Amino acid sequence: MLTRSGRLAVRYSRAVLVGFLSLFLCLGAYGAGAQDDLDLSRWSSPGTESVRAADVLREDFRTGNPHLALLVTARDGDVDSPRTERAARELVAEVERSPLVTDVTSYWDADSPALRGQDGRRALILARLEGSATETRNELATPSPELTRTTAALDVRVGGQEEISRQVGEQARADFLRAEAFAPAEVLHREYV
């Protein structure tokens, strides 16, 4: 039976190749939407002490590790200048308006030297997001590029666990789709060269 199938495949090699390529393209089109249905994960191991502690912080105190970090650099002077502080407080209010943000801590509100750079030109705004990894990363897709900015008073760069994971995921998705687009050409090249 395999011999007969092999002979038919050789005899009708172009039709078989066109059929497999058509099937591949149809399955690729069908599967392209599957990435949106995948649930992303945070890097944690369920049942460990750190996860249990994070659950207690979230459920009992409505706080926990920050997922988003904004590095704020004063354009002139330092982060304690009135102009920088005013602009930074406006930025904190903007971050607080995001629907998934449950907790925001900034150098200007916490009075914590740990959130201020040693040179006095930089300080942090930390935000905790509620929801699954998929929800938070999808939620960050719009405000994150908007929060990355340079104004007369501030230079703001967005980072943190969720933002980095979102950017890595976007790049991996683009690279995966690009690789899959080249795969049929590579198969054809190997077949006919």
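Residues numbered from 1 in each chain as written. Predicted model: local features only at pLDDT ≥ 70, side-chain atom pairs only at ≥ 80, totals over all residues. Heavy atoms only, no water.

Trainee: Hey, could you run me through the overall build of the chain in this one?
Mentor: Tallying secondary structure elements over the chain gives 8 helices and 5 strands in all. Relative to its 193 residues, the chain shows a buried fraction of 25%. In the chain, 70% of the contacts between residues at least 6 apart in sequence involve partners at least 24 apart. Surface summary for the chain: the accessible area is close to 13000 Å², and the carbon and sulfur share equals 57%. (Helix = DSSP H or I, 4+ residues; strand = E, 2+ residues; numbered from the N terminus. Buried < 20%, exposed > 50% of the residue type's maximum accessible area, 1.4 Å probe, protein only. Contact = heavy atoms within 4.5 Å. Areas by Shrake-Rupley, 256 points an atom, 1.4 Å probe, with all protein chains shown as cover.)

Trainee: Could you clarify how one ought to interpret the pairing of strand S1 (residues 68-74) in this entry?
Mentor: Strand residues, when the strand is regular, have side chains that alternate between the two faces of the sheet. With respect to burial, S1 is a largely interior element, 5 of its 7 residues being buried. Judged from the 6 bridges that link them, S1 and strand S3 (residues 122-129) form a sheet pairing that is antiparallel. Looking at the pairing, Leu-70 lines up with Ile-125 of S3. Relative to strand S5 (residues 154-159), S1 is paired through 6 bridges, and the arrangement is antiparallel. Within the sheet, the bridge partner assigned to Leu-70 lies in S5 and is Val-158. (Pairing = 2+ DSSP bridges.)

Trainee: Help me out: how do you make sense of the sheet that holds strand S4 (residues 149-150) in this one?
Mentor: The strands making up a sheet are joined through hydrogen bonds of the backbone, oriented either antiparallel or parallel. Pairing in this open sheet of 5 strands is antiparallel, and the strands run S2-S3-S1-S5-S4 from one edge to the other. The sheet is open, and its two edges are formed by strand S2 (101-106) and S4, each paired on a single side. Helix H4 (residues 82-96) contacts S1, S2, S3, S4 and S5 of the sheet and is inclined by roughly 165° relative to S2. (Axes fitted to C-alpha atoms, helices over the stretch in contact; angles between N-to-C directions.)

Trainee: Would you explain the packing of aromatic side chains in this entry?
Mentor: Remark: the centre distance and the inter-plane angle together describe each pair of aromatic rings, the angle taken between the planes. Inspection of the entire model under this criterion finds 1 aromatic pair. Where Tyr-107 meets Trp-108, the ring centres are 5.5 Å apart and the plane angle is 75°; that geometry is what we call edge-to-face. What makes Tyr-107 buried here is its relative accessible area of 11%. Trp-108 sits in the buried class, given a relative accessible area of 8%. (Phe/Tyr/Trp six-rings, centres within 6.5 Å; stacked < 30°, edge-to-face > 60°.)

Trainee: Can you walk me through the nonpolar core in this structure?
Mentor: A general feature of soluble globular proteins is that nonpolar side chains tend to end up buried together. Core analysis: the largest hydrophobic core is formed by 25 residues, its most contacted members being Leu-70, Leu-91, Val-95, Val-104, Trp-108, Ile-125 and Leu-154. Looking at this core, the element that brings in the most residues is H4, giving 5 residues. Those residues in contact with Ile-125, other than ones at most four positions away along the chain, are Leu-68, Ala-69, Leu-70, Val-72, Ala-88, Leu-91, Val-92, Val-104, Thr-105, Ser-106 and Trp-108. (Core = buried A, V, L, I, M, F, W, Y, C linked by side-chain atoms within 4.5 Å.)

Trainee: Any chance you could explain a nonpolar patch on the surface here in plain terms?
Mentor: A surface patch of nonpolar side chains, amounting to about 580 Å² of accessible area, comprises Leu-8, Tyr-12, Val-16, Phe-20, Leu-23 and Leu-27. Broken down by element, the nonpolar patch gets its largest block of residues, 4 residues, from helix H2 (residues 13-32). As for its position among the elements, Val-16 is in helix H2. (Patch = residues over 30% accessible without salt bridge, like charges linked within 9 Å, V, L, I, M, F, W, Y side chains within 5 Å. Salt bridge = Lys/Arg side-chain N within 4 Å of Asp/Glu carboxyl O.)

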